[in-house]
Amino acid sequence: MTIRDQLEEREMEYLSPYAARSRDSKGRKREEPQCDLRPVFQRDRDRILHCKAFRRLKQKTQVFLLPEGDHYRTRLTHTLEVSQNARTIAKALRLNEDLVEAVALGHDLGHTPFGHAGERALNNVYHFSHSEQSLRVVDYIEKEGRGLNLTWEVRDGILNHQTAGMPGTLEGAVVRLSDKLAYIYHDMDDAIRGGILTEEDIPADIRDILGNSCKARLNTMIHDVITNSMGSPEVHMSPGVDRAMKDLRKFMFENVYLNPKAKGEEDKAVHMIEQLFEYYVRHPGALPKQFKDALAETDNTKEQIVCDYIAGMTDPYAVKKFHEYFVPGAWKI
Ligand code: MG
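Please read all numbers here as calculations on a predicted model, not as lab measurements.

Draft legend 1. Quick look at unusual backbone geometry. Even without being glycine, K143 reaches a positive phi, approximately 55°. Residue placement: K143 occurs in the loop between α7 (130-141) and α8 (152-159). Of note in the backbone geometry, N149 takes a positive phi value of approximately 50° without being a glycine. For N149, the position within the fold is in the loop between α7 and α8.

Quick look at the structure:
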């Protein structure tokens with residue numbers, strides 16, 4: 001019996017009847033021999049952690065563009081906080097922690113530079129959704145175009161992590177909710193840090209239910225999810241906390257995500273990404289080899305391949321490329 005066999009046995013005995021068991025996975029697109037140490041979801045988690053797109057998250061915007069302060073979240077720290085929330089919930093509900101971790105670490109791999117401004121720009125010029133793009137990253141773009149060949153459950157959780165998604169596993173549903181809990185917590189914390197808002201600006205009826213600090217509110221929401229989902233085939237909150245969370249999210253959309261102080265530079269980011277898109281569509285020869293090969297070898301449109309390349313850029317890399325193509329360089333002797 002291998003260590004993997006033993007771990008799979010343990011899952012059969014220990015996990016909730018509603019959990020996804022590694023042994024019951026619907027499998028990978030290309031079949032592979034099993035690892036002797038790790039069940040499939042644990043192995044997928046490691047593949048995601050080791051991929052290049054994961055490392056690039058460290059220089060991608062969460063909400064505040066290119067922040068100078070060291071303590072603002074980036075897409076990488078957001079991802080780690082989502083994973084942490086999801087694992088806490090999964091552990092308490094005896095769901096598959098490896099699966100939630102894999103989905104959480106992979107959910108934003110397709111995010112553009114400059115956060116939702118970048119997403120908006122690519123949607124203006126072509127078509128773009130970051131959850132579909134995250135799936136493209138793990139299916140087609142990583143490993144020089146070969147993809148990570150992940151299991152159905154991890155791919156499903158990544159694709160369906162946004163509000164409109166319907167994940168096929170409870171673990172996927174845990175990540176979808178944990179993503180919201182994470183950004184409600186840390187985007188408000190960063191907004192207070194950045195002087196966009198103060199704690200007292202949050203409506204009192206929301207704070208009465210959720211708590212009077214970012215930390216207290218996260219704690220309330222996580223406890224509420226666990227208490228209300230225990231022994232249930234669904235992940236949900238109590239109606240009161242759910243309502244307050246939605247109200248807080250709405251408040252944040254109105255006061256943080258669309259705040260001119262925080263978003264003043266966003267139009268420039270949109271313009272820059274649109275310009276880069278047009279440049280590469282007109283000059284596909286400027287794409288790196290992998291993307292030129294994809295143009296020649298797949299039936300993807302040029303626009304899709306250009307989107308793939310630009311979506312993968314970090315914020316500073318996009319700025320560097322914009323400079324290279326659109327800003328005249330100084331004469332050097
Ligand atoms: Mg996210």
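We are not done yet, so read on.
Draft legend 2. Highlighting the nonpolar core. Formed by 97 residues in total, the largest nonpolar core has its most connected members in I48, L109, V154, L181, L248, Y280 and I310. The leading source of residues in this core is helix α9 (residues 170-193), at twelve residues. Once residues within four sequence positions are removed from consideration, Y280 is found in contact with A286, L287, V306, Y309, I310, M313, K321 and Y325.

Draft legend 3. Expanded view of helix α1 (residues 3-14). In a regular helix each residue adds 1.5 Å, so twelve residues correspond to 16 Å; α1 covers 16 Å between its end C-alpha atoms and thus fits that length. Listed in full, the buried residues belonging to α1 are R4, E8 and E11. Across the axial projection of α1, the buried residues extend over an arc of 50°, all falling on one side. Along α1, exposed side chains directed more than 90 degrees from the buried face belong to R10 and E13.

Draft legend 4. The coordination of the magnesium ion, seen in detail. Those protein atoms acting as donors to the magnesium ion are H78 (NE2), H107 (NE2), D108 (OD) and D179 (OD), and they sit at 2.2 to 2.5 Å. Taken in chain order, the donor set of the magnesium ion reads H-x28-H-D-x70-D. Placement of the pair is H107 in the loop between α5 (97-106) and α6 (115-125) and D179 in helix α9, with a sequence separation of 72 residues.

Draft legend 5. Region of interest: the pattern of salt bridges. In the structure shown here, the tally under the stated rule is 32 salt bridges. Between R23 and E8 there is a salt bridge, with its nearest N and O atoms 3.1 Å apart. Placement of R23 in the loop between α1 and α2 (40-50) and of E8 in helix α1 is noted, with a sequence separation of 15 residues between them. On the accessibility criterion, R23 (36% relative accessible area) is partly exposed. K52 serves as the salt-bridge partner of E144, at 3.2 Å between the closest nitrogen and oxygen. Residue E144 is found in the loop between α7 and α8, and its partner K52 is found in helix α3 (residues 52-56); the two are separated by 92 residues along the sequence. The network of salt bridges with shared partners includes R38, R45, D46, R87, K91, E97 and E101.

Draft legend 6. Expanded view of helix α17 (residues 315-326). Taking 1.5 Å of rise per residue, the twelve residues of α17 would be expected to cover 16 Å, and the 16 Å separating its terminal C-alpha atoms lies within 8% of that figure. Of all the residues in α17, the buried ones are D315, A318, K321, F322 and Y325. Mapping the buried residues of α17 onto a view down its axis gives an arc of 130°, with all of them on the same face. Where α17 is buried, its residues contact α14 (266-282) and α16 (302-312). Sitting at the amino-terminal end of α17 is T314, which places a side-chain oxygen 3.2 Å from the backbone nitrogen of Y317.

Draft legend 7. How the structure looks around the packing of helix α4 (residues 75-92) against helix α11 (residues 214-229). It is at 10 Å that the axes of α4 and α11 come closest, and there the two elements cross at 35°. The chirality of how α4 crosses α11 is right-handed. Between α4, through N85, T88, I89 and A92, and α11, the contact on the second element is made entirely by L218, I222, V225 and I226. Along the lines of polarity and charge, the residues of the contact of α4 with α11 split into six nonpolar, two polar and no charged.

Draft legend 8. Highlighting the packing of aromatic side chains. Tallied over the full model, the rule gives eleven aromatic pairs. A centroid spacing of 3.9 Å and a plane angle of 20° characterise the contact between Y279 and Y325, whose relative ring orientation is stacked. With Y279 in helix α14 and Y325 in helix α17, this residue pair connects regions lying 46 residues apart in the sequence. Each member of the pair, Y279 together with Y325, is buried. With a centroid separation of 5.9 Å and an interplanar angle of 75°, the aromatic rings of Y279 and F326 are classed as edge-to-face. Of this pair, Y279 sits in helix α14 while F326 is found in helix α17, placing the two residues 47 residues apart along the sequence. Of the aromatic side chains, those joined through ring pairs into one cluster are Y279, Y280, F291, Y309, F322, Y325 and F326. Over the face of the ring belonging to W152 we find K26, whose NZ or CZ atom lies 3.8 Å from the ring centre.

Conventions and cut-offs
Residues numbered from 1 in each chain as written. Predicted model: local features only at pLDDT ≥ 70, side-chain atom pairs only at ≥ 80, totals over all residues. Heavy atoms only, no water. Helix = DSSP H or I, 4+ residues; strand = E, 2+ residues; numbered from the N terminus. Core = buried A, V, L, I, M, F, W, Y, C linked by side-chain atoms within 4.5 Å. Buried < 20%, exposed > 50% of the residue type's maximum accessible area, 1.4 Å probe, protein only. Contact = heavy atoms within 4.5 Å. Expected span 1.5 Å × (residues − 1). Arc of directions from axis to C-beta. Donors = N, O, S within 2.8 Å, 3.2 Å for Na, K, Ca; no water. Salt bridge = Lys/Arg side-chain N within 4 Å of Asp/Glu carboxyl O. Polar contact = N/O pair within 3.5 Å; in protein donor to acceptor, adjacent residues only side chain to side chain. Axes fitted to C-alpha atoms, helices over the stretch in contact; angles between N-to-C directions. Left-handed = near helix turned anticlockwise from the far one by under 90°. Nonpolar A, V, L, I, M, F, W, Y, C, P; charged D, E, K, R; others polar. Phe/Tyr/Trp six-rings, centres within 6.5 Å; stacked < 30°, edge-to-face > 60°. Lys NZ or Arg CZ within 6 Å of the ring centre and 35° of its normal.

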